[in-house]
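Now for the letters of each chain:
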Amino acid sequence: MIYDLHSHSNFSDGALTPRQLVDRAIEFGVDVLAITDHDTIAACRENLANGRNIQLVHGIEFSTQWENTGIHVVGLNFAADSAIIGQAANQQTAARQLRAQQIADNLEKQGISNALAGARSYSPGGYIGRPHFARHIVSIGKAKNMQAAFKHYLAAGKSGDVKKTWASLEQVIQWILAAGGIPVLAHPLKYPLTRSKLLRLLQDFRQLGGLAMEVVSGQQNPDQTRSMAELCRQLDLLASCGSDFHGPETHWAELGKFQPLPVGITPVWERF
Ligand code: AMP
Ligand code: MN
Ligand code: MN
Ligand code: MN
C-alpha cells in the first residue's frame, strides 16, 4: 500500500485542481492520499474519491511558528464537517490575507514595486503565499528564478518571512485534536534548526498534544530517514510520510515517490 499523506492542490500553492491531483495520484499508484493544502480545507469538501480506485484522508497543513521559526503542522483524518476545523481555516485564511499585506509592505521597502498586485496576478483564486510573491519578483527581474527570490527576499529571516499573524502552535494542535484529527509535525528537515533545537521543538510539540511527525518527506537520503526514524522512536510519536507534491513541473517531488517508512516505528495510519 502506498500512502501519500502530504500534497497540494491549486486551492493553495499547488498547480493542479483537486481532481487532477487525484487522477495523478491514481496514475502513480497511490492507494491512500491526503490533500493537505496550506490553511484551507476547500479540497476536502469536494467529493473526489467517489467510486475510484483510491482512498482519501482529510488533511490540512497549518502555518504557525515556534520560537521565531516558521513551522508547519499537518492535520490528518479529522472530520471535515467539524465547525472547529472550518473556523480554524477561516481564521488562518484571514491571517494569510493580513500577512500578504505585511509581506508586500516589507518588499516594497526593498525596492519590489507593485508587490501585492503582482502576487495577486498569479493567484486567480485569491490565495496568496510566498511562491506568488516569488513569481512577481522574478517577473520584474529582481531575481533570476524562484529559488533566488526565496533566498534573497522570502526565506527564513528575510523581509518576506512574516509569521506573526499565524495562530500559535498550541492553538493549531488543539484545533486538529478537537476535530478528531492527528497533528503531524511536517517536514522536520526543512527548518533552519540544529538537531538539538529540532529535538526541543519535537518535545514541545508532543507536550502540546502533537502525535506524529513526518519521518519521510519527499526526496531525502537514507541517513536522513534513519535519523528522523530515530527521533520518532525517541519521542514515541507516530510516523507519517508524504511527497509534499506541488505540481508536475517540480520533478523532484512526485506523488507516491519517496522511501518507505523504516520498520520499528508505528505508521500514523494505524490510528485512522
Ligand atoms: P507560505 O505558505 O506563504 O509561507 O509559503 C510557503 C511555501 O513556499 C512552501 O509551502 C513551498 O511551497 C514554497 N517554498 C518554500 N521555500 C521555497 C523555495 N526555496 N523555493 C520555492 N518554493 C519554496
Ligand atoms: Mn507550499
Ligand atoms: Mn510545508
Ligand atoms: Mn506542504
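In case you missed it, the structure is sitting above this.
Residues numbered from 1 in each chain as written. Chains lettered and ligands numbered in written order. Predicted model: local features only at pLDDT ≥ 70, side-chain atom pairs only at ≥ 80, totals over all residues. Heavy atoms only, no water.

By the definition in use, this model includes 9 salt bridges. Here D161 ties to K163 by a salt bridge, and the two come within 2.9 Å at their closest N and O atoms. Between R206 and D236 there is a salt bridge, and its shortest N-O distance comes to 3.6 Å. With R206 in helix α7 (residues 195-207) and D236 in the loop between α8 (222-234) and β7 (238-242), this residue pair connects regions lying 30 residues apart in the sequence. Residue classification places R206 among the partly exposed residues on the basis of a relative accessible area of 37%. When salt bridges that share partners are traced, they join R130, D161 and K163 into one network. (Salt bridge = Lys/Arg side-chain N within 4 Å of Asp/Glu carboxyl O. Helix = DSSP H or I, 4+ residues; strand = E, 2+ residues; numbered from the N terminus. Buried < 20%, exposed > 50% of the residue type's maximum accessible area, 1.4 Å probe, protein only.)

Distances from the manganese ion (ligand 4) to its protein donors, namely H6 (NE2), H8 (NE2), E61 (OE) and D244 (OD), fall within the range 2.1 to 2.2 Å. The sequence pattern describing where the donors of the manganese ion (ligand 4) fall on their chain is H-x1-H-x52-E-x182-D. Separating the manganese ion (ligand 4) from the manganese ion (ligand 2) is a distance of 4.7 Å. Of the two residues, H8 sits in the loop between β1 (3-4) and α1 (18-27) while E61 sits in strand β3 (residues 55-66), which places them 53 residues apart along the sequence. Look at E61 and you get buried, because its relative accessible area is 1%. (Donors = N, O, S within 2.8 Å, 3.2 Å for Na, K, Ca; no water.)

Geometry of a packed helix pair, given as the angle between the helix axes and the separation of the axes. Close contact between α7 and α8 brings their axes to 11 Å; oriented N to C, the two are set at 40°. It follows from the interaxial angle that α7 and α8 lie oblique. The interaxial crossing formed by α7 with α8 has right-handed handedness. Contacts from R195, L198, L199 and L202 of α7 reach α8 at S227, M228, E230, L231 and Q234. (Axes fitted to C-alpha atoms, helices over the stretch in contact; angles between N-to-C directions. Parallel < 35°, antiparallel > 145°, perpendicular 65-115°, else oblique. Left-handed = near helix turned anticlockwise from the far one by under 90°. Contact = heavy atoms within 4.5 Å.)

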